[in-house]
Amino acid sequence: MHQAPINMVENEETNAPAHVAVIMDGNGRWAERQGKARKFGHQEGMEAVRRVTIRASERGIKVLTLYAFSTENWKRPPQEVHFLMQLPIRFFDRFVPELQEKNVRVNMIGFEEKVPTSTRKAIQKAMDQTKDNDGMILNFAFNYGSRAEIVRATQSLCERALNGEISISEINEEMIEHHLLTQSIAPYQDVDLLIRSSGEQRLSNFLLWQNAYSEFYFSDLLWPDFTGDVLDEALLSYINRQRRYGAV
Ligand code: V07
């Protein structure tokens, strides 16, 4: 079932999602199916990132969060981890001009500590270069893990309480939210639409707090086969669900 593309930018009444988050799954499997090494899947996955980023920005999405590397991915073979760590560098070498052209701002959420300096520098450079863009935020979840994020927020709040800056009974949802990594994409911390590719239907420690009220869209396509039109289908599905709620 293929639905016609939509143009939500021109229609402010459609309740388009502000924050779309994507778990980009299936790169390794895509490569294996073609009898190629996993890194070819990752490389093709990067092209899908480009396609989806452009379409999302054309659709007026405010934040597109992409789950690129989870804290669990360190368990993969060292050479694959090494290859994955190079991908942000390659990504920005190729796509920063296009991101500028589309007025996209780059952001990152994740734990930078273990990320190699060269990778960190490339990400920081891209963030600096695009900091004045006021279009869509392209937010990479890189070395991200949601439980670790919540642990860190808890530690910060406990520290503030011990220092007497806040009282324990004062801690509320807003205060916790303020200490999560997604504070950098305020006021769009909450995910509206979560997409996962390759037929898996799990959250995998991704934005646990922020997905509390999101709609889920699952696609059987492997991530390197994902296109702008598939994103449109997901957006349309989201809008139709919103319409149905609205009708009740
Ligand atoms: C990665 C390509 C897309 C599919 C998922 C796995 C492979 C882009 C990035 C990236 C990350 C941070 C950043 C800029 C770009 C990336 C990893 C893997 C680890 F600031 N694609 N991509 N990072 N793949």
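The structure we're discussing is the one just above.
All values reported here derive from a predicted model rather than from experimental measurement. (Residues numbered from 1 in each chain as written. Predicted model: local features only at pLDDT ≥ 70, side-chain atom pairs only at ≥ 80, totals over all residues. Heavy atoms only, no water.)

Around the ligand, a shell composed of 17 residues is seen, among which H42, F92, I123, F140 and F142 lie nearest. Isolated, the ligand exposes 500 Å² of accessible area, and the fraction of that covered by the protein chains is 98%. In this structure the site holding the ligand corresponds to the largest pocket. Elements that contribute at least two residues to the shell around the ligand include exactly α2 (38–58), β2 (63–70), α3 (78–101) and β4 (137–144). Sorting elements by how many residues they give to the shell around the ligand places α3 first, with five residues. Residues belonging to the shell around the ligand are distributed by class as follows: 14 nonpolar, three polar and no charged. (Near = heavy atom within 4 Å. Areas by Shrake-Rupley, 256 points an atom, 1.4 Å probe, with all protein chains shown as cover. 1 Å grid on protein atoms, 1.4 Å probe; cavity = no way out; pocket = protein on both sides within 12 Å on 5 of 7 lines; lining within 4 Å. Sits in = over half its atoms within 2 Å of the grid points. Helix = DSSP H or I, 4+ residues; strand = E, 2+ residues; numbered from the N terminus. Nonpolar A, V, L, I, M, F, W, Y, C, P; charged D, E, K, R; others polar.)

Let us look at the pattern of salt bridges. Inspection of every chain in the model, using the stated rule, returns 17 salt bridges. Of the charged contacts, one joins R50 and E47 as a salt bridge, the two residues approaching to 3.2 Å between their closest N and O atoms. In this pair, R50 and E47 both sit in helix α2, three residues apart, roughly one turn of the helix. Here R50 falls in the partly exposed class, since its relative accessible area comes to 28%. Note that R241 and E215 form a salt bridge whose closest N and O atoms lie 2.7 Å from each other. Taken together, the positions of R241 in helix α7 (residues 228–247) and E215 in strand β6 (residues 215–218) put the pair 26 residues apart, joining distant regions of the chain. No difference in accessibility class separates R241 from E215, as the two residues are buried. Connected through salt bridges with shared partners, the residues R55, E58, R59, K102, D229 and D232 form a single ionic network. (Salt bridge = Lys/Arg side-chain N within 4 Å of Asp/Glu carboxyl O. Buried < 20%, exposed > 50% of the residue type's maximum accessible area, 1.4 Å probe, protein only.)

Keep in mind these numbers describe shape, not what the thing actually does.
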